[in-house]
Amino acid sequence: MLNMLHLQEYTCPVCGRPFAQGDDVVVCPDCGAPHHRECWKKQGRCAYAASHGTAEQWRPPLERGDDDVWACGNCGTLNPAGSKVCRKCGRAADEPPSPRPEDQNPPVDPAVFAPPYTPYGEVPPDGVVEGETAMDLATFLGPNAGYYLPRFRYFEQTHNPVSWNWAAALFPLEWLLYRKMGRAFWLVLPLCLLLAAPYAAVFAFWLGDSGALSMAGGESLAGGAPVWLLFLTHVASLLSVILRGALGMRANDLYRRHVKRQMARIRRQCGGTPAYRLTLSKKGGVSAGRVAVYLAAAAAVAAIVLLLIL
């Protein structure tokens, strides 16, 4: 158990703030983890309840000055005397350091676990979200993991799949490519092209010879575009707003499902080997290159169509 005189050396696992002199603190009766009383009430249980009774349950942090404490040569975790393997990565105590890159965990920015502001509460590095450790999730998420981690926890706790994402609402195709959601991209792309078709047709009327299309019937307005085509542009605008709104509300949940599928697939391929987290880092993250290729291809197609019209 903790010495109550040294609580200032620890932080609350719910709010992430260090304990200060005079704070109203309670400790978990099962593992001894300290919490602010208000944070305990807000959480309704110990923040480490999912790990109780396992090797990963909370324990007072070790210090290098403790007797016979040894540091893991793979991840640097301090381990108690007598333990044969690292309690974090499972590496044997007597195993010599290996220069192989697949045995080394990729670095993870610790700042992602303490973002300046999150609407659903901060997630500690040793927390568990959706059955995955927060560290593994952050490794797969890559940039801006501090934004997605608390939202994934919110989905798990409330079962409410709605959480607004401005990037997905304003730039749906680019956001899907950036987050490597290729399957969803190819589903949304035809819808976006279909909704853009009326605008392209009106643009063709304004730039080119509108004679053939004007004969399609109906009164024509500016640029020779028929009324029915202009009406379609209004319908397309309304449907585009609805599509972007739906993506904005469900994008974070769709991304959560994508992350769970990909991590489960990687786990089946790598098992519990040290290469698991390295593979998470490679397969996950973001891809600015895909967005650049998409924008370049879109610009090339638009230039070709414009040349054909003119």
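Predicted model only: the values in this text are computed from it and were never measured.

Observations regarding the environment of methionine 249
Looking at the secondary structure, you find methionine 249 in helix H8 (residues 227-270). Put simply, methionine 249 and serine 163 are 86 residues apart on the chain and 5.3 Å apart in space, counted from C-alpha to C-alpha. If we skip the residues at most four places from it in the chain, methionine 249 touches Pro161, Val162, Ser163 and Trp164.

Here's the deal with the pattern of salt bridges
Pairing of side chains with opposite charge becomes possible as their charged atoms draw close. Throughout the structure, instances matching the rule amount to 8 salt bridges. A salt bridge links arginine 250 to aspartate 253, with the shortest nitrogen-to-oxygen separation between them at 2.9 Å. You can see arginine 250 and its partner aspartate 253 sitting in helix H8, 3 residues apart, about one turn around the helix. For aspartate 253, the salt bridge identified is with arginine 257, shortest N-O distance 3.1 Å. Residue aspartate 253 and its partner arginine 257 are located together in helix H8, separated by 4 residues, close to a single helical turn. Aspartate 253 sits in the buried class, given a relative accessible area of 0%.

Some thoughts on a positive patch on the surface
On the surface, a cluster of positive charge is contributed by Arg183, Arg261, Arg265 and Arg268. Examining the composition of the positive patch, we find that 3 residues originate from one element, H8, more than from any other. Its location among the elements puts arginine 261 in helix H8. Classification of arginine 261 by relative accessible area gives partly exposed; the value is 43%.

Some thoughts on the state of the cysteines
Counting across every chain of the model gives 0 disulfides. No disulfide involves cysteine 39; its sulfur sits 3.8 Å from the nearest other cysteine sulfur, which is in cysteine 12.

About the cut-offs
Residues numbered from 1 in each chain as written. Predicted model: local features only at pLDDT ≥ 70, side-chain atom pairs only at ≥ 80, totals over all residues. Heavy atoms only, no water. Helix = DSSP H or I, 4+ residues; strand = E, 2+ residues; numbered from the N terminus. Contact = heavy atoms within 4.5 Å. Salt bridge = Lys/Arg side-chain N within 4 Å of Asp/Glu carboxyl O. Buried < 20%, exposed > 50% of the residue type's maximum accessible area, 1.4 Å probe, protein only. Patch = residues over 30% accessible without salt bridge, like charges linked within 9 Å, V, L, I, M, F, W, Y side chains within 5 Å. Areas by Shrake-Rupley, 256 points an atom, 1.4 Å probe, with all protein chains shown as cover. Lys, Arg positive; Asp, Glu negative; His and termini not counted. Charge placed at Lys NZ, Arg CZ, Asp CG, Glu CD. Disulfide = S-S within 2.5 Å.

Read these as spatial facts, not as claims about activity.
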